[in-house]
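Residues per chain, in single letters:
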Amino acid sequence: MPHALSLPAPGFQAIILCGPGSSFPTFTANPDENPKALIPIANRPMVWYPIDFCYRMGVTNITLIAPPSSAPAITTALNTNPHLTSLPLPKPYLLSPKDLDQNTGTAQIFCLPEVREIVTGDFIVLPCDLVCELGGESLLESWMVKEAGLGGATGGGHESTGPKMAMGGERGGRRGGLGVWYETKGETIIKGEETDFIATVPIEGGPVPPSKSSLLNNISKLVYSVPTDTLNDITEDKKSLPIRHGLIREHPRIRMLSSHRDAHIYIFPAWVLDMMNANQHMDSIGEDVIGWLAKADWQEGLGDKLGLREVLSVQAPTDTDESLLDNNPAHDDIDFSSLSTTFTSNLRSTETSGKEKLAVPPILAYVQPKGGKMIRRVDTAPLLLFVSLQLAKLEAIDVVGRDASSPFAHQAKVAYPEGIASKTTVTRPDCLLAENVTVEEKCSIKECVIGANCQIKQGAKLQRCVLMDGVVVEKGCKLTGCILGRRSQIGEESVLLDCEVQENLLVEARTEDKNSKLMSSEGMEATEEEIQESFADQESCDVVEADESQGISLGR
């Protein structure tokens, strides 16, 4: 069950993108039967975490988007997995557009007709691999305050000390978006974790300073964003980091960060969907949509090239008696300043000389400070191991109570105490054992996450391991830093260090290995037809070599 439910956020809908899991080759070798969204993190399906994030922030209109080939497995999990079936109502809706496959870009997804049809207002985009302890309602509140989302809070926009907004929507202009970036270089550095290079500029504060605990202290305006790998390619090609003069002229104070990562948490106003459909060459939300919108704020003419003038100039539909009854976010955009008896129009707005300069709604960035609540993308095996073991250290609800516990805490650290034999060591402060786990005598389990229905045989020693459901570890095994896939079996006296084991794989007894991905070769063997073709190709090569040795020129 979600830890707590906030008040509903009217007009918001959440879109959770369930990707193919190409970064988990050991556990998603068949992404149709075992999609990434169902890989367990601390004994819960991966997709449970972003769904829970939505419920905690008060958003209940949730749509999961997955390829048609993965839909049956995800549908089955939504109907049978106890963690997903215990979610509150209304349940998430699964959408599988017919043209969506495992290679479709995140921005391209929002150009599919089925997706365009369901997005009817402001929306939140989340990845299925997000683990975010930070309350989403705080992000929404910060977005509304900084983007003047509370109706006509800008008072017309021209005198606002916050970020300027563009044409259309509220009197002061349309809202921009918000993204989240978190620090990757903490106490533990995960080898190979992706990072992004971002540049931000401060936002002028309001008359009342925010409290020390407010997220507003860490929100700035994004002016540049690019994955670090892409930045490395640019600097290698240019032998320097090229910076446009327009950026320096527009924003003299720039903060550049290179150790943060895009969490792929995006709060978007509805017009961003139109922008993506007007620029269908864009492939990625993080790299293309966010990157181009950030630069359009200061790069002259870029907004027009992206078609933003047309997108932002679209007039809202005329209000009718029936439409006024609808729960439409546009109806909340009231310019309270025009209701004042002392209100005067801004005369400068009537002065136009030629083409009016396009004001692009800003992209805001919440840059998480060090030591904050957990925000993490779990898209590689090392991150799966690290985050699962971190979550295993959370105090259980039966110890500290629901109110004092983390939203990710389990009811108990050991769900089935009767399955633990005597003369066995299980360090409960840093371990998590699911239902029906049996541990025989003389075993040692330290800092581990063990899934349901696992069997740990006599004398086995496990440290810093993650076992998915149904794993069998035979007698005398020593496993350190390993991730074992569903229903895999480790033979007696095996010694594995920092290994990944594919699901349903039988590891032979007395196997010794380290830093390996142990996977089945099933499906990789050559067929009889392929073998015959290989022999035929080899014979052809032999004939060519023989002819050349005799001085015969081929092809004349």
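Before going into details, it helps to say that this report is about the structure given with it.

1. Remarks on the state of the cysteines
A full pass over the atoms with the stated rule returns zero disulfides. Cys431 takes part in no disulfide bond, and the closest cysteine sulfur to it belongs to Cys448, at a distance of 5.2 Å.

2. Quick notes on the pattern of salt bridges
Counted according to the given criterion, the structure contains 13 salt bridges. Among the ionic pairs, Asp122 bridges to Arg175, the shortest N-O distance being 3.7 Å. Residue Asp122 is located in the loop between α5 (113–118) and β6 (123–127), and its partner Arg175 is located in the loop between α6 (136–146) and β8 (177–183); the two are separated by 53 residues in the primary sequence. Residue Asp122 is classed as buried on the basis of its relative accessible area, which comes to 9%. On the basis of relative accessibility, which here comes to 10%, the residue Arg175 falls in the buried class. Salt bridges linked by common partners bring Lys36, Asp129 and Arg377 together as one network.

3. Considerations on the packing of aromatic side chains
Enumeration according to the criterion identifies eight aromatic pairs in this entry. Considering the side-chain rings of Trp48 and Tyr49, the 5.0 Å spacing of their centres and the 85 degrees angle between planes classify their relative orientation as edge-to-face. By relative accessible area, Trp48 is classed as buried at 1%. Among the residues examined, Tyr49 registers a relative accessible area of 1% and is labelled buried. The ring of Trp48 carries Arg44 above its face, with NZ or CZ at 4.3 Å from the centroid. If you follow Lys295 out to its NZ or CZ, it ends over the ring of Trp292, 4.3 Å from the centre.

4. Notes on the sheet that holds strand β14 (residues 425–426)
An order of β14-β17-β20-β23-β26-β29 is seen for the six strands of this open sheet, with the pairing classed as parallel. The outermost strands of the open sheet, each flanked by one partner alone, are β14 and β29 (512–514). Direction of pairing for strand β17 (residues 444–446) relative to strand β20 (residues 461–463): parallel, over a ladder of three bridges. In the sheet register, Ile445 faces β20, and the bridge partner there is Leu462.

5. Points about the sheet that holds strand β16 (residues 438–439)
As summarised here, the arrangement of the five strands in space is β16-β19-β22-β25-β28, forming an open sheet in which the pairing is parallel. A strand with exactly one partner marks an edge of an open sheet, and here the two such strands are β16 and β28 (506–507).

6. A look at the pairing of strand β9 (residues 196–201)
Most of β9 is tucked away, with six of its six residues classed as buried. Alternating residues of β9 divide into Asp196, Ile198 and Thr200 and Phe197, Ala199 and Val201, and every residue in both groups is buried. Judged from the six bridges that link them, β9 and strand β10 (residues 219–227) form a sheet pairing that is antiparallel. Looking at β10, one finds that Thr200 is bridged to Leu222. Relative to strand β11 (residues 255–268), β9 is paired through four bridges, and the arrangement is antiparallel.

Definitions and cut-offs
- Residues numbered from 1 in each chain as written.
- Predicted model: local features only at pLDDT ≥ 70, side-chain atom pairs only at ≥ 80, totals over all residues.
- Heavy atoms only, no water.
- Disulfide = S-S within 2.5 Å.
- Salt bridge = Lys/Arg side-chain N within 4 Å of Asp/Glu carboxyl O.
- Helix = DSSP H or I, 4+ residues; strand = E, 2+ residues; numbered from the N terminus.
- Buried < 20%, exposed > 50% of the residue type's maximum accessible area, 1.4 Å probe, protein only.
- Phe/Tyr/Trp six-rings, centres within 6.5 Å; stacked < 30°, edge-to-face > 60°.
- Lys NZ or Arg CZ within 6 Å of the ring centre and 35° of its normal.
- Pairing = 2+ DSSP bridges.

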